Each structure stands twice: as C-alpha cells, then as structure tokens.
Amino acid sequence: MVAQLQKLYQSWEENPNVGFVAVKGAVRAFSAGGDIVSLYNLMKENFCNTGDIIGFHPDAAASFYLSHLPGYLGEYLALTGAKLNGQEMLSCGLATHFTPITKLPLLEEQLSHLVTDDPCINLTVQVLGKLVEMIDKVFSHETVEEIIDALDIEVSKNNDTWCASTLKKLNEAAPLSLKITLRSIREGRFQTLDECLIREYRMSLQGISRKITGDFYEGIRAKLVHKNFTPNWDPPSLKYATQDMVDEYFSPASTHANQNYNSRHNNEKHLLEVKCKWNL
C-alpha cells in the first residue's frame with residue numbers, strides 16, 4: 001500500500017493539473033489487517049503457533065511520535081492501544097485539523113474550490129483534562145509491573161472506572177510485548193526519527209522470526225484469523241518475561257532468522273511445548 005501511494009504522490013507532485021490531494025479510507029482506514037493475515041498464512045506454511053491477541057510492538061515510527069507527546073501519554077497509548085478522538089488528537093499534537101464526520105461532505109465540497117495553501121479549518125482545542133493527570137501519575141513509573149501496581153491501587157482506593165478499564169487492557173496484552181513496548185517508547189524519547197525506524201525494524205524482524213517468542217503469530221491467529229480471543233502467550237506472565245528476552249529483542253536480528261521458519265514443528269506440537277514449558 002505504501003509503495004503504491006508513493007508512486008501516486010510522486011506522479012501528482014509534478015502534475016500542474018493537481019492542486020491538492022484528499023486521501024480517504026474505505027471503512028477501516030489504512031488498516032494493516034489484510035497484510036498481517038497474509039503474513040500469518042505464509043508463516044503457517046513454514047512453522048507453528050502459540051496463543052492470542054497481537055503480541056507485537058508499536059512500529060512505523062510510533063516510538064518516535066508517541067514518545068514526544070505531552071507527559072506520559074505516549075506510554076499510555078502504546079501499552080493499551082487506546083484510541084483518541086479528533087479533539088483529543090488536536091489537544092496532544094497528533095493532529096493539526098479536525099472536522100466532525102457529519103461535516104465531511106461539506107469539507108470535501110469546500111476543498112474542491114481551494115486555491116490557497118493557507119489553513120482553512122479552525123477548531124477550538126479541547127484538552128484531555130484531568131485524565132492527563134492520572135495518565136502521568138500511573139504511566140510515569142519505571143516498569144510495567146509498577147504501572148500495573150499503580151492502577152491496582154487506584155482501583156482499590158477509588159474504584160476508578162478508567163483505571164479498571166486500563167488495567168484490563170494491560171492484563172490481556174502479551175506480557176513480553178508490554179515490556180518491549182515500554183522500553184521502545186522510553187528509548188524513542190531520546191532518539192532521532194531515523195534511529196527509531198532502524199530500531200523498530202530490528203524489533204519487527206525479531207518478532208516475526210519467532211526466535212524469542214511466537215506471540216506475534218499467535219496474536220494474529222487468535223484475534224484476526226480464528227477470532228477465538230483466547231491467548232496462550234509465551235511467556236504467559238510478566239514474571240517470566242525476563243530482561244534477557246527484552247534485551248534480545250533490541251539486538252540486531254540474526255542473519256539466520258529466516259532459517260527459524262523451517263526449524264519449527266507443527267502448530268499443535270509447539271502449543272503443547274509452550275504449555276509444558278510454563279506448567280500451564
């Protein structure tokens with residue numbers, strides 16, 4: 001998709017008949033779902049699988065732009081996968097303009113007559129408010145375990161519904177993915193865009209190679225293919241997600257990564273190995 005868009009953009013750039021380009025998504029805009037399901041089928045032909053939900057990490061420069069959001073909002077979004085509405089994106093700097101979906105036809109009609117590069121849409125920014133204070137309070141902690149403990153405390157003390165919902169999301173996510181995601185965001189805060197892209201690329205190779213874990217493959221299987229939403233993460237909990245495993249995720253990918261595809265057993269046998277490994 002990106003390659004096709006690049007060709008189109010390049011052809012339009014020098015075309016005097018093109019004044020501006022409006023890009024619209026059909027249904028689920030710019031979703032990678034189809035691509036990763038295809039990747040799952042390719043991987044299935046060569047090796048096995050483990051448990052549920054997408055056990056991956058924020059990529060495509062996410063560790064760069066999320067880490068530069070105000071406070072610890074980036075950690076919150078990266079770890080939970082939470083969504084922001086248009087006004088919230090404006091308030092934290094992820095968007096420059098926003099219009100309600102009901103007014104999109106009118107916006108398109110107005111843009112069709114646009115003959116200037118000046119901004120033409122203005123909206124009063126609505127800040128996230130007190131939620132930002134809670135996000136900073138909870139997600140400023142050093143480790144995933146400390147973040148979860150902080151949420152637990154807030155739920156116990158105040159019966160906070162937002163904290164309870166956030167805690168549920170973290171408990172359902174892949175434990176190792178949580179740890180590598182937090183480290184990725186923290187490192188991205190002090191890296192350039194190029195450095196973030198290089199690191200994310202290496203992390204992605206580690207994720208699909210299954211040398212450390214098969215969580216990515218299992219996440220696709222459970223959430224997008226079989227849709228049974230019953231994860232068997234490897235490792236199954238945070239206490240088994242060791243620092244060595246996290247460090248290996250951030251190391252340059254092995255030149256023999258592709259060989260791992262053919263070195264695995266069938267899906268059922270690997271799932272049994274995971275259950276035996278962690279005494280499940």
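A. Representation of the packing of aromatic side chains within the structure. One pass over the full model with this rule turns up three aromatic pairs. Between Y76 and F139, the ring centres sit 5.5 Å apart and the planes meet at 65°, which makes this aromatic pair edge-to-face. Linking Y76 in helix α4 (residues 73-80) with F139 in helix α7 (residues 130-139), this pair joins segments that are 63 residues apart in sequence. Judged by its relative accessible area of 7%, Y76 is buried. Grouping aromatic residues by their ring pairs yields a cluster made of Y76, F139 and W162. A cation sits over an aromatic face here: R183 above F250, 4.1 Å from the ring centre.

B. Looking closely at the pattern of salt bridges. Considering all chains together, one arrives at nine salt bridges under this definition. Across the pair R186 and E75 runs a salt bridge, and its minimum N-O distance is 2.7 Å. Of the two residues, R186 is situated in helix α10 (residues 175-188) and E75 in helix α4; the sequence distance between them amounts to 111 residues. Summarising the burial analysis for this pair, R186 and E75 share the class buried. One salt bridge in this structure joins R189 and E75, with 2.9 Å as the shortest N-O distance.

C. Fine view of the confidence of the model for the protein chain. This prediction gives the protein chain a mean pLDDT of 74; 73% of its residues lie at or above 70. Element-level mean pLDDT values for the protein chain span from 43 in helix α14 (residues 259-263) up to 92 in helix α8 (residues 144-158). Note on residues 119-127: pLDDT is under 50 here. Beyond four places in sequence and across chains, it has 14 contacts. Low pLDDT, under 50, characterises residues 255-269; the predicted model gives this stretch 23 contacts beyond four residues in sequence or across chains.

D. Local environment of the side chain of T166. For T166, the location among the structural elements is in helix α9 (residues 161-172). A polar side-chain atom of T166 sits 2.9 Å from the main-chain carbonyl oxygen of W162. Residues in contact with T166, not counting those within four places in the same chain, are Y76, T80, F139 and L151.

E. Region of interest: the side chain of E75. Judged by its relative accessible area of 0%, E75 falls in the buried class. In contact with E75, other than residues within four places in its own chain, are F139, L182, I185, R186 and R189.

F. The arrangement of α10 in detail. Along its 14 residues, α10 runs 20 Å from first to last C-alpha, staying within 8% of the 20 Å computed at 1.5 Å per residue. Burial of α10 is extensive: twelve of the 14 residues sit out of reach of the surface. Looking only at α10, the buried set comprises P175, L176, S177, L178, K179, I180, T181, L182, S184, I185, R186 and G188.

G. Region of the structure containing the nonpolar core. Ranked by internal contacts, the top residues of the largest apolar core, which has 29 residues, are Y76, L77, F139, I147, L151 and W162. Broken down by secondary-structure element, the contributors of at least two residues to this core are α4, α7, α8, α9 and α10. By size, the runner-up hydrophobic cluster in this structure holds nine residues, among which are M203, A241, M245 and Y249.

H. Focus on the packing of α10 against helix α11 (residues 193-209). For the pair α10 and α11, interaxial distance at closest approach is 11 Å and the crossing angle is 165°. Judged on the interaxial angle alone, α11 and α10 are roughly antiparallel. Here α10 runs over α11; the crossing is right-handed. Contacts between α10 and α11 involve I180, S184, E187 and G188 on the former and, on the latter, C196, R199 and M203. Counted by class, the contact of α10 with α11 contains three nonpolar, two polar and two charged residues.

I. Examining a nonpolar patch on the surface more closely. A surface patch of nonpolar side chains, amounting to about 310 Å² of accessible area, comprises L8, Y9, V21 and V23. Its location among the elements puts V21 in the loop between α1 (2-13) and α2 (33-44). For V21, a relative accessible area of 37% translates into the label partly exposed.

J. View of a negative patch on the surface. Together, E142, E146, D149 and D152 make up a region of like negative charge exposed at the surface. Following the sequence through the fold, E142 ends up in the loop between α7 and α8. Using a relative accessible area of 61% as the deciding quantity, one classes E142 as exposed.

Quick notes on the rules
- Residues numbered from 1 in each chain as written.
- Predicted model: local features only at pLDDT ≥ 70, side-chain atom pairs only at ≥ 80, totals over all residues.
- Heavy atoms only, no water.
- Phe/Tyr/Trp six-rings, centres within 6.5 Å; stacked < 30°, edge-to-face > 60°.
- Helix = DSSP H or I, 4+ residues; strand = E, 2+ residues; numbered from the N terminus.
- Buried < 20%, exposed > 50% of the residue type's maximum accessible area, 1.4 Å probe, protein only.
- Lys NZ or Arg CZ within 6 Å of the ring centre and 35° of its normal.
- Salt bridge = Lys/Arg side-chain N within 4 Å of Asp/Glu carboxyl O.
- pLDDT = per-residue confidence, 0-100.
- Contact = heavy atoms within 4.5 Å.
- Polar contact = N/O pair within 3.5 Å; in protein donor to acceptor, adjacent residues only side chain to side chain.
- Expected span 1.5 Å × (residues − 1).
- Core = buried A, V, L, I, M, F, W, Y, C linked by side-chain atoms within 4.5 Å.
- Axes fitted to C-alpha atoms, helices over the stretch in contact; angles between N-to-C directions.
- Parallel < 35°, antiparallel > 145°, perpendicular 65-115°, else oblique.
- Left-handed = near helix turned anticlockwise from the far one by under 90°.
- Nonpolar A, V, L, I, M, F, W, Y, C, P; charged D, E, K, R; others polar.
- Patch = residues over 30% accessible without salt bridge, like charges linked within 9 Å, V, L, I, M, F, W, Y side chains within 5 Å.
- Areas by Shrake-Rupley, 256 points an atom, 1.4 Å probe, with all protein chains shown as cover.
- Lys, Arg positive; Asp, Glu negative; His and termini not counted.
- Charge placed at Lys NZ, Arg CZ, Asp CG, Glu CD.

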